[in-house]
Structure formats: C-alpha cells, structure tokens
Amino acid sequence: SRVWHSSTEPQRTMHSSSSHLPIFAHTQCVVRSSLLEKLGRTLPVKGRHRKTVIVHANSNVRRNPNIAKLQAGYLFPEINRIKMKHLEENPDAKIISLGIGDTTEPIPQPITKAMAAAADNLGTSDGYAKYGGYGAEQGQALLREKLAERFYADVNIQASDIFVSDGSKCDISRLQMMFGSNRRVAVQDPSYPAYVDSSVMIGNTEMYDHASKQYGKIEYLACSSENDFFPNLGHAKDAELIFFCSPNNPTGAAATRDQLTELVRHAKETGSIIIYDAAYAIYISNPNCPKTIFEIPGADECCIETCSFSKYAGFTGLRLGWTVVPDKLKFADGSLVKNDWNRLMCTSFNGASNIAQAGGMACLSDEGMNAMSELVSFYKENAAILKNTFEEMDYTVYGGTDAPYVWVSFDGRDSWEVFAEVLTKCDIVVTPGSGFGPAGDGFIRCSAFGHRENILEAAQRLKGHFLKDSTV
C-alpha cells in the first residue's frame, strides 16, 4: 500500500469572531505504509482514516478551482523532493539519476563560443545598438529562416510560420491559453504530464477520478505494445485538441509514416487540431519514422508542431525552442490560428534571450549541426547500454532506439513501489511510469541523459539487485 493524501477541497466555510477572513475545514484521507511512506511520498486517493484540518486564510481571494484539481506536485519536482529526502537519511549515498530527462554533457564549443561573442557584443555601444534591447517576439528573422532551412526545407513550412520561444514546455501552456477553457482534449497515455496538467489548469477537465486515475473530460488514448504504441483514434472522435508526441516521452516509441498519416486523416475528418511535440525528433534513425509531422500531406491544415534545442544541444537550462503554426491552419470561423498565436506571443512574451538565439544560430551552422549529431549519438549509446542491461536481466524493454528513453516493464507491479525500491536498493533515481498516465503503471522510465561512467555504474548496480530471479 501507499501513502496518500486527498486534495483538500473546502468542505464548509466559517467566520471567526475576530476577523471577516474565512476559515476552511478540509477533510483528508490517508493510507499509510511501505517504502513510499519512508520516502515521504504522498498521493491522492479516496479511502480511510479521515481527519479534519483547520486552515486559517489571510485573504478573501478564492483559490483557482482548476489548479485545486491537480493531484500532488508536478511529477519531476516531486521525484526530486523524494530524492532529497533519501539523501538526508543516507548522506553517503552516491545518487545516479536516470529520472528527469536533463542533459549532462557540455554544450559543444562552437555553440558556446558564439554565445560568448554575443554576450561580449552586448558590452559595447555598437554591439548593444545592433543586438541589445527588446527583440522581435516571434524570434530573430535570421534564426527563423535558418530553422526553416535546416528542418523544414522539404515540407511546406515558411520562416514566417516559425515562432522562436523559450522552449516547448512553455509553448504548450501558451497554446492552452490561446485555445482557452472548455475544450475537449485527447492525450496519449502514457505521455508527458505537462499536457494533462496544463489542460487541468486552463479549465478543460472535470475532477480527478481516483478509481480510473484520470481527469474527467480528457480522453486518454492508451498506447502500449499491444497496439504498437499507436492509439485507437476512434476514442478521440469528439476531441478538439489532440496532444501527440513522437518519439513519445516516456515510451520512446516513434510513430511510423503510416501511423502519422492515419493521425492527420483523423484530424481532417473530425476537424480537430493536433499539437505535435517533436522535442526528440533528432533522435530518430528509422527512415520510416518522420522527423516532423509536416512530412505528412495535409498536416499544415490541421497541425501545430513544437520543438526545442533542449535535447538537441543541451539547452535545458538555456531555454530556446520554437513552435510552427502554418499559414493554412484556421479556426472554425476561417480566421488564421497563426494570427491569434502571434497576438498571444506579443502580449505574454518579450522574445527569447538574444544570447540564446545566438546559440541557436550556431547550432544550425554546419559545425553546430555536426556537434549536435555527435551529442545525440552519445546519448543514444547510453540508451543502448541501459536497454541491453535490462534485456540481459530478462525484462521486457521498449524504446531506447529512436529516443533517449528506455521503457521497462515490471510485470504489473506498482510503478511508485518499483521507483522506491530502485532508489533504496541502488541509489538510482528512475521515473515511475504512472506519473505519465494510468497506462504507465507497471513500468519505469530510464533516461539516457548521463555521464558514461554513471550509466555503466548504474547498469552494474541494477544487475546486482534486480536480476529477475532476485526481485521481490
């Protein structure tokens, strides 16, 4: 069993005699025990041991009810919190992180040199006059042109369709803002948790159902080995927005040309819009798996694509990405989606960092492209080591070929319990599959982002504790 706490929605409102500010009485349901309790893991569930907590408010502003629907914390900060608790209790532990997909290797020098030069330019009057101050909210024109040349030369995408930003994750929330609340949303299950969480925050869902582990009004499109990690799109027939990631995070499955053709055909038939996350496209080596949705005819009439330099060049902290909104994509009234996206970006964003954009330009030079290719190859070698390790231990493994993630089956075991056991036995952080959606339970995700010596050490630790005949 696990440690759970319910979301604390107000049950009744009272006023104290000394203040007009409200006092809320909340009810919590708690189930305790196991490794998860030791690590301080708390998650919502209906259940037992009900107790009342009195909360004294200091304002009359009611909490956003949509944010109140969210369960526990966002997945990766929650994992980091548990890791830090483990370190407090085991200060000599040498933690190896295979959890959050954060890059570890240095940004290639051709790229950092360009950024250093850009920073130096900002320290001179002439350089600041040319490169300083507010930039275009859509991104520097030369960078937009170079992105179109490098990644969209063979498809019908123009530089004017590309909007440079501070990363895909930020743009996902901005897209939710643009489309607004009360939209019918479909997501792959499992998938990157920001799709669901941002849908909850903007007001596209009903309450969380503890039995199904799903939010009401979201259509969860199950993706598993049984359907080749491509969902039954019939379940999304009423969806207005479909979030789709290829290669998928967390499963590592890259969609084939035939599968994406089916996805585009579905969107055009139902009038939905696909928000296509291509953050890991550079890891695709299978020629039958497109690196952009716009390789599919008709995609420019029903798709938005978002991408990032985070996993291409190690820009996870530097922050630089882009979103493609084609000129042919229109709302039901015939107005251009691009115009609304441009309006939103001009209101909510002042443009990506000038220095980061200089780094982006260097990434897209011949020398930068070669350096990014070498970096990606390094992480793919890490993925192969992890995949081979689990296969040698007789686990069923997916991904790790066209993506930097390895998706490991633990035969239906609770994924948070597996996460806790790997951490306590091996001092290794992985990601529990259920954090990506209910279809992810029974799996863990291992990230290939790590120093080679740490990947090799992790492989040895795992073999020492998780050979099939030695698992609990």
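Residues numbered from 1 in each chain as written. Predicted model: local features only at pLDDT ≥ 70, side-chain atom pairs only at ≥ 80, totals over all residues. Heavy atoms only, no water.

Chemist: When you look at the overall build of the chain in this model, what are you seeing that I'm missing?
Modeler: Scanning the chain for helices and strands turns up 15 helices and 18 strands. Burial analysis of the chain (472 residues in total) assigns 53% to the buried set. When contacts within the chain are restricted to residue pairs at least 6 apart in sequence, long-range pairs at least 24 apart make up 73% of them. Carbon and sulfur atoms make up 49% of the accessible area of the chain, which totals about 20600 Å². (Helix = DSSP H or I, 4+ residues; strand = E, 2+ residues; numbered from the N terminus. Buried < 20%, exposed > 50% of the residue type's maximum accessible area, 1.4 Å probe, protein only. Contact = heavy atoms within 4.5 Å. Areas by Shrake-Rupley, 256 points an atom, 1.4 Å probe, with all protein chains shown as cover.)

Chemist: How do you make sense of the nonpolar core when you look at a structure like this?
Modeler: A general trend in soluble globular proteins is that nonpolar side chains are found buried together. If you look at the biggest cluster of nonpolar residues, it comprises 112 residues, and the most contacted ones within it are Phe309 and Phe390. It is helix 14 (residues 415-426) that contributes the most residues to this core, 6 residues altogether. Apart from residues no more than four positions distant in its own chain, Phe309 is found in contact with Leu147, Gly314, Phe315, Leu320, Gly321, Trp322, Gly360, Cys363, Leu364 and Met372. Counting 8 residues, the second largest nonpolar core, distinct from the first, contains Ala279, Tyr280, Leu375 and Phe449. (Core = buried A, V, L, I, M, F, W, Y, C linked by side-chain atoms within 4.5 Å.)

Chemist: Any chance you could explain the pairing of strand 12 (residues 303-308) here in plain terms?
Modeler: Each regular strand displays side chains that alternate between the two surfaces of the sheet. With respect to burial, strand 12 is a largely interior element, 6 of its 6 residues being buried. Side chains of strand 12 alternate between two faces, with Cys303, Glu305 and Cys307 and Ile304, Thr306 and Ser308 buried alike. As paired strands, strand 12 and strand 13 (residues 321-324) are joined by 4 bridges and run antiparallel to one another. Residue pairing for strand 13: Ser308 is matched across the bridge by Gly321. (Pairing = 2+ DSSP bridges.)

Chemist: Mind showing me how you'd approach the pattern of salt bridges here?
Modeler: A side chain of one charge can pair with a side chain of the opposite charge if their charged atoms are brought near each other. Within this structure, the stated rule accounts for 19 salt bridges. Of the charged contacts, one joins Arg184 and Glu240 as a salt bridge, the two residues approaching to 4.0 Å between their closest N and O atoms. Here the residue Arg184 occupies a position in the loop between helix 7 (168-179) and strand 6 (185-189), and Glu240 occupies one in the loop between strand 9 (218-222) and strand 10 (241-245), the gap between them amounting to 56 residues. For Arg184, a relative accessible area of 44% puts it in the partly exposed group. Looking at Glu240, the relative accessible area reads 22%, which means it is partly exposed. Among the salt bridges present, the one from Asp441 reaches Lys213, with a minimum N-O distance of 3.8 Å. Placement of the pair is Asp441 in the loop between strand 17 (431-432) and strand 18 (443-447) and Lys213 in the loop between strand 7 (208-209) and strand 8 (214-215), with a sequence separation of 228 residues. The exposure class of Lys213 is partly exposed, given its relative accessible area of 30%. (Salt bridge = Lys/Arg side-chain N within 4 Å of Asp/Glu carboxyl O.)

Chemist: I keep staring at the environment of Asp154 and nothing clicks. Help me out?
Modeler: Examined against the element boundaries, Asp154 turns out to sit in the loop between helix 6 (141-151) and strand 5 (162-165). Overall, Asp154 belongs to the exposed group, its relative accessible area being 80%. Taking the C-alpha atoms as reference points, Asp154 and Phe294, 140 residues apart in sequence, are found 9.1 Å from one another.

Chemist: Which parts of the structure should I look at to understand helix 6?
Modeler: Because an α-helix packs 3.6 residues into every turn, residues spaced three or four apart end up facing the same way. For helix 6, the set of buried residues is Leu143, Arg144, Leu147 and Ala148. Taken end-on, helix 6 shows its buried residues confined to a sector of 140°, consistent with a single buried face. For helix 6, the elements touching its buried residues are strand 5, strand 13 and helix 12 (354-363). (Arc of directions from axis to C-beta.)

Chemist: What exactly am I supposed to notice about unusual backbone geometry here?
Modeler: Asp189 connects to Pro190 through a cis peptide bond whose omega is 10°. Note that Pro190 resides in the loop between strand 6 and helix 8 (193-202). A positive phi is found at Lys217, a non-glycine position, where the angle reads about 80°. The residue Lys217 is located in the loop between strand 8 and strand 9 in this model. The class for Lys217 is partly exposed, based on a relative accessible area of 39%. For Asp411, which is not glycine, the phi torsion reads 55° and is therefore positive.

Chemist: How should the confidence of the model for the chain be read in this particular structure?
Modeler: Per-residue confidence for the chain gives a mean pLDDT of 90; residues scoring 70 or more make up 88%. Contacts for the low-pLDDT stretch residues 1-19, under 50 throughout, to residues beyond four places or in other chains number 72 contacts. (pLDDT = per-residue confidence, 0-100.)

Chemist: In this structure, what is going on with the sheet that holds strand 10? I would like to understand it.
Modeler: Strand pairing in a sheet is mediated by backbone hydrogen bonds. Such pairs are either parallel or antiparallel. Reading across the sheet, the 7 strands line up as 5-13-12-11-10-6-9 and stay open at both edges, with mixed pairing between neighbours. Because the sheet does not close on itself, it has two edges, and the strands there are strand 5 and strand 9. Between one strand and the next, the sheet's axes are offset by a mean angle of 20°, whatever the strand orientation. In terms of strand pairing, strand 11 (residues 273-277) meets strand 12 through 4 bridges, oriented parallel. By the bridge assignment for strand 12, Tyr276 is matched with Glu305. (Axes fitted to C-alpha atoms, helices over the stretch in contact; angles between N-to-C directions.)

Chemist: Explain the sheet that holds strand 17 here, please?
Modeler: Strand order across the open sheet formed by 4 strands is 14-15-18-17, with antiparallel pairing between neighbours. The open sheet has two edge strands, strand 14 (397-399) and strand 17, and neither has a second partner. Note that strand 17 and strand 18 share 2 bridges and pair antiparallel. Directly across from Pro432, in strand 18, lies its bridge partner Ile444.

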